[in-house]
Amino acid sequence: MNRHDKHRPLLPPDLTHARLTERISNLVLRDPSPRSWFMALLVCGLLALMFIGALGYMFEVGIGLFGVNIPVAWGFPITNTIWWIGIAHAGTLISAVLLITRQPWRASINRFAEAMAMFAVVLAGSYPIIHLGRPWFFYYLLPYPNDMELWPQWRSPLVWDFFAIFTYLTFTATFMYMSLLPDLATLRDRASSWFGRVFYGTLAIGWRGSATHWARYEKANMILSSVAAPIVVAVTGIISLDLAVSIVPGYHFTIFPPYFVAGALFSGFSTVALLAVVLRSMFGLQDLVTRTHLDYLGRMMLVFALVVDYAYTQEMFFAWYSGEDYYRYVYIDRWTGPYAPAWWSMIFCNVVLVQLLWFRRVRRSPIAMLCLAITSDIGMWLERFQIVFTSTHADYMPSAWGEAWPTLWDWAVYIGSLGVFGVLLLVFVRIMPLISLHDMRGLIAKRNKGGDDG
């Protein structure tokens, strides 16, 4: 924390270890759920049922229900895969990279950021399977022992996506579980019911808070944090290579791997900011998830938005500088063609509106941050939409040009997936601590010793 931020505390001045433990654990064990939580769960539950119903009908009829066609053969499923992967990445960055760099402001937001990453990557992994056409044969992507000598086609982007997403899912689940261990033991010790003691005691796997346990915990946490950044870069890089290795104009850009990483972090931090505003209001945590936390999240959004904006200019510059008529036409088509509203809306959300984050008053306003987080997520979804659709609907052969538009079933699956994400997150914050107890205790201890953090 720099000298300009010392007058903006991250912790209430009267917060003690006992008060923090009682307050956060009571949210799980004793306090009734707020009415806003029930309303949100009802809405998300209805959307989740729509998702299940749409998938059930799609499995019965086939992916012809979607708007995909030739030449736009990927459509919504791949668009949403890239978008959900991006949202998943900021959770890992907040939990791991900010831990390595000793950033104290991560303590209040890392728990629901980790949960966000976990559930987002599950949804990201579901879309390529949905897009397979015969999803019940998804195990053909695995190099499993079999008598028919069927092996994955390693040149297929589907296989790359499977291993990238599965690796990231495994890492995220492991990292989140490690982070939860001390808090699970706290809930085990404070639970009044037999079921609560057994449930949290089983998950705590014998944690007693001894010096040996803490030493191993800190070592394992540091090891996992050290491999987090390479995994984030590798997973998003592999997803971007699905496009960049082709020769399709609009896909074949070497800037895609770093461009996709920056875009993933931008949308990820935007979603963390959105959740921070919603959950602090829902559970009355304004003193723990403060405006200072929103300020830092706004700064991270601005940093990665500027990197994304730079990538936009580089794409356009090299498309024009290359002298290739087809590459130039990709951008002329994006500006004036049938998908032009998506491109200009993306620019408005990701280039124009985010400039408001230069102002401290905007970054510290919950309403402003909520609005900018929503528009940034919409803008990043539009970016993935226009990359997937505009690059394929008009390529080298004018005789093969065509348009594809999402159908009602495309929207039902996508909006329904938002409901599934909401249900998973809302249930998680009711059975697990919303804020990391052991990280917050570390801030309190440092403050009591005369440190500046908090």
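All values derive from a computational prediction rather than experimental measurement.

Asks: Give a detailed account of the overall build of the protein chain, specifying residues and quantitative values.
Replies: Summing up its helical and strand segments, the protein chain has 15 helices and zero strands in all. Relative to the compact-globule value of 22 Å for 454 residues, the protein chain shows a C-alpha radius of gyration of 23 Å, a close match. Dimensions of the protein chain, computed from C-alpha atoms along their principal axes, come out at roughly 70 × 60 × 40 Å. The buried share of the protein chain, taken over its 454 residues, is 54%. Contacts in the protein chain between residues at least 24 apart in sequence constitute 82% of all its contacts with a sequence separation of at least 6. The positive charge centre, built from 33 side chains, and the negative charge centre, built from 28, are 15 Å apart in the protein chain.

Asks: Account for unusual backbone geometry, with residues named and values stated.
Replies: A negative phi holds for most residues other than glycine; trans holds for most peptide bonds. A cis geometry characterises the amide bond from Ile 70 onward to Pro 71, with omega recorded as 20°. Counting through the fold element by element, Pro 71 comes out in the loop between α2 (35–61) and α3 (75–100). At Ile 205, a position not held by glycine, the phi torsion is positive, near 45°.

Asks: Outline the packing of helix α4 (residues 110–130) against helix α14 (residues 408–431), listing residues and values.
Replies: Following both chains from N to C, one finds α4 and α14 inclined at 145°, their axes separated by 10 Å at the closest point. Crossing angle aside, the handedness with which α4 passes α14 is right-handed. Taking contact as the criterion, the partners of Arg 111, Phe 112, Ala 115, Met 116, Phe 119, Ala 120, Leu 123, Tyr 127 and Ile 130 in α4 are, on α14, Val 413, Tyr 414, Ser 417, Val 420, Phe 421, Leu 424, Leu 425 and Phe 428. Counted by class, the contact of α4 with α14 contains 15 nonpolar, one polar and one charged residues.

Asks: How would you sum up the packing of aromatic side chains? Please name residues and give values.
Replies: Summed over the entire model, instances satisfying the criterion amount to 43 aromatic pairs. When the centroid spacing of 5.5 Å and the interplanar angle of 85° are considered together, the rings of Trp 214 and Tyr 217 count as edge-to-face. One end of the pair is Trp 214 and the other is Tyr 217, both in helix α7 (residues 211–244) and three residues apart, which spans about a single turn. Given the relative accessible area of 29%, Trp 214 is considered partly exposed.

Asks: If you had to explain the nonpolar core to someone new, which residues and values would you point to?
Replies: In this structure, Trp 84, Val 272, Phe 283 and Leu 297 are the most contacted members of the largest nonpolar core, which totals 141 residues. For this core, the element with the most residues is helix α8 (residues 256–282), which contributes 15 residues.

Asks: Any chance you could break down the pattern of salt bridges for me, citing the residues and the numbers?
Replies: Inspection of the entire model under this criterion finds eight salt bridges. Among the ionic pairs, Arg 23 bridges to Asp 287, the shortest N-O distance being 2.6 Å. Separated by 264 residues along the polypeptide, Arg 23 in helix α1 (residues 17–29) and Asp 287 in the loop between α8 and α9 (291–321) bring together distant segments of the chain. Exposure remark for Arg 23: the relative accessible area of 27% places this residue in the partly exposed category. The partly exposed category is assigned to Asp 287, whose relative accessible area is 29%. Each member of the salt-bridge network shares a partner with another, and the members are Arg 111, Glu 114 and Asp 183.

Asks: Quick rundown of helix α6 (residues 194–204)? Include the residues and the values.
Replies: Here α6 has its buried residues at Gly 196, Tyr 200 and Ala 204. Looking straight down α6, one finds its buried side chains confined to an arc of 55°; they lie on one side. In this structure, α6 carries Trp 194, Phe 195 and Thr 202 as exposed residues pointing more than 90 degrees from its buried face. Where α6 is buried, its residues meet α1, α5 (157–190) and α14.

Asks: Can you break down the environment of Phe 175 residue by residue, with the values?
Replies: For Phe 175, the position within the fold is in helix α5. Each C-alpha atom, one on Phe 175 and one on Ala 96, is 8.7 Å from the other, the two residues being 79 residues apart in sequence. Among residues more than four places away in sequence, those in contact with Phe 175 are Ser 95, Ala 96, Glu 114, Asn 221, Leu 224 and Ser 225.

Asks: With reference to specific residues and values, describe the environment of Leu 302.
Replies: As for its placement among the helices and strands, Leu 302 is situated in helix α9. As for Leu 302 and Gly 237, which are separated by 65 residues in sequence, their C-alpha atoms are 22 Å apart. Look past the residues within four positions of Leu 302 in its chain and what remains in contact with it is Val 354, Leu 357 and Trp 358.

Asks: Please give an account of the side chain of Ser 246 that cites residues and values.
Replies: You can see Ser 246 is positioned in the loop between α7 and α8. In this structure the side chain of Ser 246 is engaged in a polar contact, spanning 3.5 Å, whose partner is the backbone nitrogen of Val 248. Once you skip the residues sitting within four places of it in the chain, Ser 246 turns out to touch Tyr 251 and His 252.

Asks: Outline helix α15 (residues 437–448), listing residues and values.
Replies: Here α15 is twelve residues long and its end C-alpha atoms lie 16 Å apart, about the 16 Å a rise of 1.5 Å per residue gives. Among the residues of α15, Leu 437, His 438, Asp 439, Met 440, Arg 441, Leu 443, Ile 444 and Arg 447 are the ones counted as buried.

Asks: I'd love a proper account of the packing of α3 against α4, names of residues and values included.
Replies: Direction vectors running N to C along α3 and α4 enclose 155°, while the axes themselves pass 7 Å from each other. Looking at the two axes, α3 sits roughly antiparallel to α4. For the pair α3 and α4, the crossing hand works out as left-handed. For the pair formed by α3 and α4, the contact residues are Pro 77, Asn 80, Thr 81, Trp 84, Ile 85, Ile 87, Ala 88, Ala 90, Gly 91, Thr 92, Ile 94 and Ser 95 on the first element and Asn 110, Ala 113, Glu 114, Met 116, Ala 117, Ala 120, Val 121, Leu 123, Ala 124, Tyr 127 and Pro 128 on the second.

Each value, and the rule that gives it
- Residues numbered from 1 in each chain as written.
- Predicted model: local features only at pLDDT ≥ 70, side-chain atom pairs only at ≥ 80, totals over all residues.
- Heavy atoms only, no water.
- Helix = DSSP H or I, 4+ residues; strand = E, 2+ residues; numbered from the N terminus.
- Rg over C-alpha atoms; globule rule 2.2 N^0.38 Å.
- Buried < 20%, exposed > 50% of the residue type's maximum accessible area, 1.4 Å probe, protein only.
- Contact = heavy atoms within 4.5 Å.
- Lys, Arg positive; Asp, Glu negative; His and termini not counted.
- Charge placed at Lys NZ, Arg CZ, Asp CG, Glu CD.
- Axes fitted to C-alpha atoms, helices over the stretch in contact; angles between N-to-C directions.
- Left-handed = near helix turned anticlockwise from the far one by under 90°.
- Nonpolar A, V, L, I, M, F, W, Y, C, P; charged D, E, K, R; others polar.
- Phe/Tyr/Trp six-rings, centres within 6.5 Å; stacked < 30°, edge-to-face > 60°.
- Core = buried A, V, L, I, M, F, W, Y, C linked by side-chain atoms within 4.5 Å.
- Salt bridge = Lys/Arg side-chain N within 4 Å of Asp/Glu carboxyl O.
- Arc of directions from axis to C-beta.
- Polar contact = N/O pair within 3.5 Å; in protein donor to acceptor, adjacent residues only side chain to side chain.
- Expected span 1.5 Å × (residues − 1).
- Parallel < 35°, antiparallel > 145°, perpendicular 65-115°, else oblique.

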